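Commentary on secondary and tertiary structure
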Amino acid sequence: WVSRGLADSAGGLAFTGIALAEAGLILALVLELSFAVFGYPLLLIPPTLLAMRRLANVVRRLAPRWCGVAIPEPYRAYREPDPAAGVWRRFAQSCGQLITEPATWRDLAWMTVDPLGIWLVAALPGTIVVWGLFGVVMPAVWSPIVHAGGNNWYAFIPVTNWLTAALSVPLGIAFIVLGLWTAPLFLRWYGQRSEERRVGKECRSRW
């Protein structure tokens, strides 16, 4: 039970890296559209959309192992543009395939809200475990914090001496247990929500 909770807590925290990558791709797409008036930034849109697809597939591969939920790939086959065609012809061929792919828009919509969902759901148990560990080590770290003039509160305990630091230990253990217990539940719930939004009714009926 403890090892499963630790693994799922670590997996939830690892999803924060994916959230940062998703936010970076969304920002890149926004910048490309903002500077589309110059023409050539438009050529970066297909590679950005393909990078979003690859990142979404990373989540799909991790979902069965970390979330216990299988998320199938809903995309139609992607055909590489004709290398003999001109730059703008290749752009039109690639962009046309990606824009007419319904799963592209589902991925885009999901990546817009997914970073917030990861922080609130997937990474929350791991954060609680780390916060609990801080309470466990409070007797060893309270003195430097207080003597440096820090306002040291642990949850609802004002840590100003050794006794209040010792009281933080059982509270920290309680936080650790809470984080380990909720990690599998939250991670599976996150995987189920990801499956519903990434695949959609049309692709679920197809599969």
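Here, the structure is the one placed above.
The structure displayed is predicted, hence computed values, not measured ones.

**Comments concerning the overall build of the protein**
Assigned secondary structure in the protein consists of seven helices and two strands. Overall, the protein shows an N-to-C arrangement of helices and strands of α-α-α-α-α-α-β-β-α. Every one of the 207 residues in the protein was classed for burial, and the buried ones make up 43%. Sequence-distant contacts, at least 24 apart, represent 68% of the contacts inside the protein between residues at least 6 apart.

**Section: a nonpolar patch on the surface**
Taken together, L27, L31, F35, V37 and F38 make up a surface patch of nonpolar side chains, about 560 Å² in accessible area. Relative to the helices and strands, L27 resides in helix α1 (residues 2–34).

**Considering unusual backbone geometry**
Glycine aside, a negative phi is what most residues show, and trans is what most peptide bonds show. In this structure, A155 takes a positive phi of about 55° despite not being glycine. Examined against the element boundaries, A155 turns out to sit in the loop between β1 (153–154) and β2 (157–158). Accessibility expressed as a relative area gives 37% for A155, which makes it partly exposed.

**Let's talk about the nonpolar core**
I18, L29, L49, M52 and M111 are the most contacted members of the largest nonpolar core, which has 19 residues in total. Within the residue set of this core, elements represented by two or more residues are α1, α2 (45–67) and α4 (102–122). Broken down by element, this core gets its largest block of residues, eight residues, from α2. Apart from the residues lying within four places of it in its own chain, the contact partners of M52 are L25, I26, L29, L108 and M111. M138, I157, A165 and L171 belong to the second largest nonpolar core, which has seven residues in total.

**Quick notes on the packing of aromatic side chains**
Evaluation of the coordinates by the stated rule reveals four aromatic pairs. Ring centres of W131 and F134 lie 5.6 Å apart, and the angle between their planes is 35°; this geometry places the pair in the tilted category. You can see W131 and its partner F134 sitting in helix α5 (residues 124–136), three residues apart, about one turn around the helix. Centroid distance F134 to Y154: 6.0 Å. Interplanar angle 55°. Geometry classified as tilted. Note that F134 is positioned in helix α5 and Y154 in strand β1, a separation of 20 residues in sequence. For F134, a relative accessible area of 25% puts it in the partly exposed group.

The rules behind these values
Residues numbered from 1 in each chain as written. Predicted model: local features only at pLDDT ≥ 70, side-chain atom pairs only at ≥ 80, totals over all residues. Heavy atoms only, no water. Helix = DSSP H or I, 4+ residues; strand = E, 2+ residues; numbered from the N terminus. Buried < 20%, exposed > 50% of the residue type's maximum accessible area, 1.4 Å probe, protein only. Contact = heavy atoms within 4.5 Å. Patch = residues over 30% accessible without salt bridge, like charges linked within 9 Å, V, L, I, M, F, W, Y side chains within 5 Å. Areas by Shrake-Rupley, 256 points an atom, 1.4 Å probe, with all protein chains shown as cover. Salt bridge = Lys/Arg side-chain N within 4 Å of Asp/Glu carboxyl O. Core = buried A, V, L, I, M, F, W, Y, C linked by side-chain atoms within 4.5 Å. Phe/Tyr/Trp six-rings, centres within 6.5 Å; stacked < 30°, edge-to-face > 60°.

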